[in-house]
Amino acid sequence: MVRRPLLEFEKPLVELEDQIEQIRQLAKDSEVDVSQQLLQLETLAARRREEIFNSLTPAQKIQVARHPQRPSTLDYIQVITDEWFELHGDRRGSDDQALVGGIGRIGDRGVVLIGHQKGRDTKENVARNFGMASPGGYRKALRLMEHADRFRLPILCFIDTPGAYAGVLAEEQGQGEAIAVNLREMFSLRVPVIATVIGEGGSGGALGIGVADRLLMFEHSVYTVASPEACASILWRDAAKAPAAAAALRITANDLLQLGVIDAVLSEPSGGNHWAPLQAAETLQAALLQQLQDLGELSEAELLEQRYAKFRRMGRILDPEATEFSPNP
Amino acid sequence: MSLFDWFADRRKVNPVVRATQEVEDGDGLWSKCPECGLVVYRKDLIANASVCSGCSHHHRIDSEARIRVIADEGSFSPINSALAPTDPLAFKDRRSYADRLRDTQQSTGLRDAVVTGHCRLEGLPLSLGVMDFRFMGGSMGSVVGEKLTRLVEEATALRQPLMIVCASGGARMQEGMLSLMQMAKISGALQRHRQQELLYIPLLTHPTTGGVTASFAMLGDLILAEPKALIGFAGRRVIEQTLREKLPEGFQTAEYLQEHGFVDLIVPRTRLRSTLASLLRLHGVSAPVAA
């Protein structure tokens, strides 16, 4: 497969890969043994890839997180489930294509799976609204989560959205209300909820399915309070300052682990998840199974209490009246 | 078009545009309405809850004035007023967050963008949180989230009704994801308040947007709003520019939200106290018997 060089910093890697491919073709047509050279080149390519991806800037991570070939919610679901039925509709008159959900089997248990869905190409992206969910999407998600609650099925959420859809119709249909109700009701779910940021976590649109017992993040994913572009144009009065905003906002998985926002970072194959999607899916599946097992040991009361306490701790304040600096993870 | 029509048209100019032009109370004896140009004695304006007697324009008021409008005189007792913000990201844009905080604290006399406490309203108990737009646009960071969460938790423990007066541009970017998480934190506390079948009424004032709209502003058992207040999730500029959609007339006003089913009552500020007292009584809230 020939990959298109989509990101600037991926270009040297793609060039190396093409070289390797060329030499392979040459070797096929001739008697010359090039296995030594091939091995050398491959080692070099792997090392370069490692170097580049270990030192990505926050702005570059956004590019990886938004990569059109990065595995999406439905890609992962296909690999990590043995059975899967997509379920449709919010029962209020819509079936949002940007936020999908359904029921499936992972390992030996039934689960409800919900996630933002971006498109692979322009046509699919138009149908999926670039993964920007409408109020109907959040209401469908809530309907499925309540279903999971009634039938005691754990909930797995996959976050991958630039943000909730900002449009006239979305406002008319109550985008704010739809997200708000999800935030509140997710605190009452009596089943384990595990959310994973697989690509881009865009603000309230991400949080709308993100009130979870465990929040995981792939290494090159990002999670932002506001898109760096918007942040730059508001605070810097200059949208071109987006890279600076991306760095200042602390949006990477490691930053958020330090800040106590997320629980674990899932490592990605060298070159990012789009270089080895199956390996990424395996990592995800193993992590989800482990978390499901851990959370499965808690009683409903413990689960609810711990979820509340988890979010209760978030934030950094100075409280002169408290005996200690609080609350802090 | 007659001259009167022209003036009438101008008055319909979008509230968003108006907000930026609004002149806040200075020290003068007289005040001119930015909406209709009526000049009134400042004391009279304040006595009328800062509502213009000429055109009913609701002037923006700070948290102190808002508490005077709602609470029985002298009944408000603040809680957690010493909580102060930190700079967890060491954030710096054109200025550092630490500098911005210090300057805003000095100019407003507030520690952060919300004042919380308990009060009486016509003798009825009420837990009250009031956001203050003067403090960095009423933006919600860790302190706003923590103070509101503690307020909701206390209201739940005291089995009291709760009102939060919203005035906010949304989550505070300078505290990054910690700000976003406050939306969840407060919503979780509201879920527990609701579970106890206690009454929560947010009042949406100009402007209520972003992460505040997508959390506690929209979670009321009843949702009240002030006339013509701007209320929305996404910013108008974002919708207009990125999506090239033309905005309908009156888009994202309190009236527009009511028309679409997201606001119960639009209450003029001059009737806020009496309306709220009636609603509390109708929900069975009664004055405690003196010990």
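Reading the values: rules and limits
- Residues numbered from 1 in each chain as written.
- Chains lettered and ligands numbered in written order.
- Predicted model: local features only at pLDDT ≥ 70, side-chain atom pairs only at ≥ 80, totals over all residues.
- Heavy atoms only, no water.
- Helix = DSSP H or I, 4+ residues; strand = E, 2+ residues; numbered from the N terminus.
- Contact = heavy atoms within 4.5 Å.
- Areas by Shrake-Rupley, 256 points an atom, 1.4 Å probe, with all protein chains shown as cover.
- Lys, Arg positive; Asp, Glu negative; His and termini not counted.
- Charge placed at Lys NZ, Arg CZ, Asp CG, Glu CD.
- Axes fitted to C-alpha atoms, helices over the stretch in contact; angles between N-to-C directions.
- Parallel < 35°, antiparallel > 145°, perpendicular 65-115°, else oblique.
- Left-handed = near helix turned anticlockwise from the far one by under 90°.
- Buried area = accessible area lost by both parts, 1.4 Å probe.
- Salt bridge = Lys/Arg side-chain N within 4 Å of Asp/Glu carboxyl O.
- Polar contact = N/O pair within 3.5 Å; in protein donor to acceptor, adjacent residues only side chain to side chain.
- Nonpolar A, V, L, I, M, F, W, Y, C, P; charged D, E, K, R; others polar.
- Domains from an automatic or database assignment.
- Buried < 20%, exposed > 50% of the residue type's maximum accessible area, 1.4 Å probe, protein only.
- Patch = residues over 30% accessible without salt bridge, like charges linked within 9 Å, V, L, I, M, F, W, Y side chains within 5 Å.
- Pairing = 2+ DSSP bridges.
- Phe/Tyr/Trp six-rings, centres within 6.5 Å; stacked < 30°, edge-to-face > 60°.
- Expected span 1.5 Å × (residues − 1).
- Arc of directions from axis to C-beta.

What follows covers the overall build of chain A. Counting its regular elements, chain A contains 14 helices and nine strands. Summarising its shape, the C-alpha atoms of chain A cover approximately 70 × 50 × 45 Å along the three principal directions. Excluding contacts between residues fewer than 6 apart, the proportion of contacts in chain A whose partners are at least 24 apart in sequence is 71%. Carbon together with sulfur atoms contributes 51% to the accessible area of chain A, which is approximately 14100 Å² in total. Across chain A, 35 positive and 46 negative side-chain charges occur, with their mean positions spaced 3 Å apart.

In contact at an axis separation of 8 Å, helix α14 (residues 300–312) of chain A and helix α7 (residues 176–195) of chain B are set at 140° when each is read in the N-to-C sense. It follows that α14(A) is oblique to α7(B) by the angle criterion. Here α14(A) runs over α7(B); the crossing is left-handed. Residue-level inspection shows L304(A), E305(A), Y308(A), F311(A) and R312(A) of α14(A) in contact with α7(B), the latter providing M181(B), A184(B), K185(B), G188(B), A189(B) and R192(B).

This part covers the interface of chain B and chain A. Interfaces are often described in size by the accessible area the parts lose on coming together. Facing the 56 residues of chain B at the interface are 56 residues of chain A. When the two sides are added together, the surface that chain B and chain A hide from each other amounts to roughly 5000 Å², 67% of it contributed by carbon and sulfur. Inspection of the region where chain B meets chain A yields four salt bridges. In this structure, the salt-bridge partner of R312(A) is E146(B), at a minimum N-O distance of 3.0 Å. Seen at the junction of chain B and chain A, the total is 16 residue pairs in polar contact (both at pLDDT 80 or more). When residues of the side of chain B that touches chain A are traced back to their parent elements, those giving at least two are β4 (84–85), α6 (142–158), α7 and α9 (236–243) of chain B. Looking at the side of chain B that touches chain A, the element that brings in the most residues is α7(B), giving 16 residues. When its residues are assigned to classes, the side of chain B that touches chain A shows 30 nonpolar, 15 polar and 11 charged.

Turning next to the domain arrangement of chain A. Residues and elements named next belong to chain A. For chain A, the assigned domains are domain 1 (8–55) and domain 2 (62–312). Between the C-alpha centres of domain 1 and domain 2 the distance comes to 35 Å. At the junction of the two partners, domain 1 supplies eight residues and domain 2 supplies nine residues. Summed over both partners, the interface of domain 1 with domain 2 comes to about 740 Å²; 60% of that surface belongs to carbon and sulfur atoms. Among the residues domain 1 hides against domain 2, the three largest losses belong to E10, R49 and F53. Together they make up 62% of the total. Where domain 1 packs against domain 2, one counts four residue pairs in polar contact (both at pLDDT 80 or more). Of all the secondary-structure elements, those providing two or more residues to the side of domain 1 that touches domain 2 are α1 (11–29) and α2 (35–54).

Next up on the list: the pattern of salt bridges. Tallied over the entire structure, the rule returns 39 salt bridges over all chains. Ionic pairing is found between E268(A) and R70(A), a salt bridge with its closest N-O pair at 2.6 Å. On the criterion of sequence distance, the pair formed by E268(A) in the loop between β8 (264–266) and α13 (277–296) and R70(A) in the loop between α3 (58–65) and α4 (73–80) is long-range, its members being 198 residues apart. As far as burial versus exposure is concerned, E268(A) and R70(A) are alike and both buried. For R134(B), the salt bridge goes to D62(B), with nearest N and O atoms at 3.9 Å. Note that R134(B) is positioned in the loop between β6 (124–131) and α6 and D62(B) in the loop between α3 (42–47) and α4 (63–70), a separation of 72 residues in sequence. In this structure R134(B) comes out as partly exposed when scored by relative accessible area, which is 39%.

What follows deals with a nonpolar patch on the surface. Where nonpolar side chains cluster on the molecular surface, the patch consists of L29(B), W30(B), V39(B) and Y41(B) and spans about 440 Å² of accessible area. As for its position among the elements, W30(B) is in strand β1 (residues 30–32).

Residues and elements named next belong to chain B. Turning to its location among the elements, V51 is positioned in the loop between α3 and α4. Along the chain, V51 and E245 lie 194 residues apart, while their C-alpha atoms are 34 Å from each other. If near-sequence neighbours (up to four positions away) are discounted, V51 is found in contact with L45, S56, H57, H58, R269 and T270.

A word on the sheet that holds strand β9 (residues 224–225) of chain B. All names here are of chain B. Pairing within the open sheet is mixed, and its seven strands lie in the order β3-β5-β6-β7-β8-β9-β10. Every interior strand has two partners, whereas the edge strands, β3 (77–78) and β10 (265–266), have only one. Looking at chain direction, strand β8 (residues 200–208) and β9 are connected through two bridges and run parallel. In the strand pairing of β9, L204 is matched with A225. The sheet contacts of α6 involve β5 (114–121), β6 and β7 (162–168), and relative to β5 the element is tilted by about 25°.

What follows deals with unusual backbone geometry. Residues and elements named next belong to chain B. In this structure, the amide linkage connecting H206 to the following residue, P207, adopts the cis form with an omega of -10°. Within the secondary structure, P207 sits in strand β8. You will see that S56, though not glycine, has its phi angle at about 65°, which is positive. Within the element layout of this structure, S56 appears in the loop between α3 and α4.

Moving on, we come to the packing of aromatic side chains. All names here are of chain A. Evaluation of the coordinates by the stated rule reveals seven aromatic pairs over all chains. Relative to F311, the ring of F187 lies with its centre 5.5 Å away and its plane at 75°, an arrangement referred to as edge-to-face. With a gap of 124 residues between them, F187 in the loop between α8 (175–186) and β5 (193–202) and F311 in helix α14 connect regions that are remote in the sequence. By relative accessible area, which is 5% here, F187 ends up buried. The buried category is assigned to F311, whose relative accessible area is 2%.

The next subject is helix α5 (residues 97–108) of chain B. Residues separated by three or four positions in an α-helix point in the same direction, a consequence of the helix having 3.6 residues per turn. All names here are of chain B. The first and last C-alpha atoms of α5 sit 16 Å apart over 12 residues, in line with the 16 Å expected at 1.5 Å per residue. All of the buried residues in α5 are Y97, R100, L101, T104 and T108. Buried residues of α5 fall within an arc of 100° about the axis and therefore sit on the same side. Once α5 finishes, G109 follows within two positions and takes phi at roughly 75°, a positive value.

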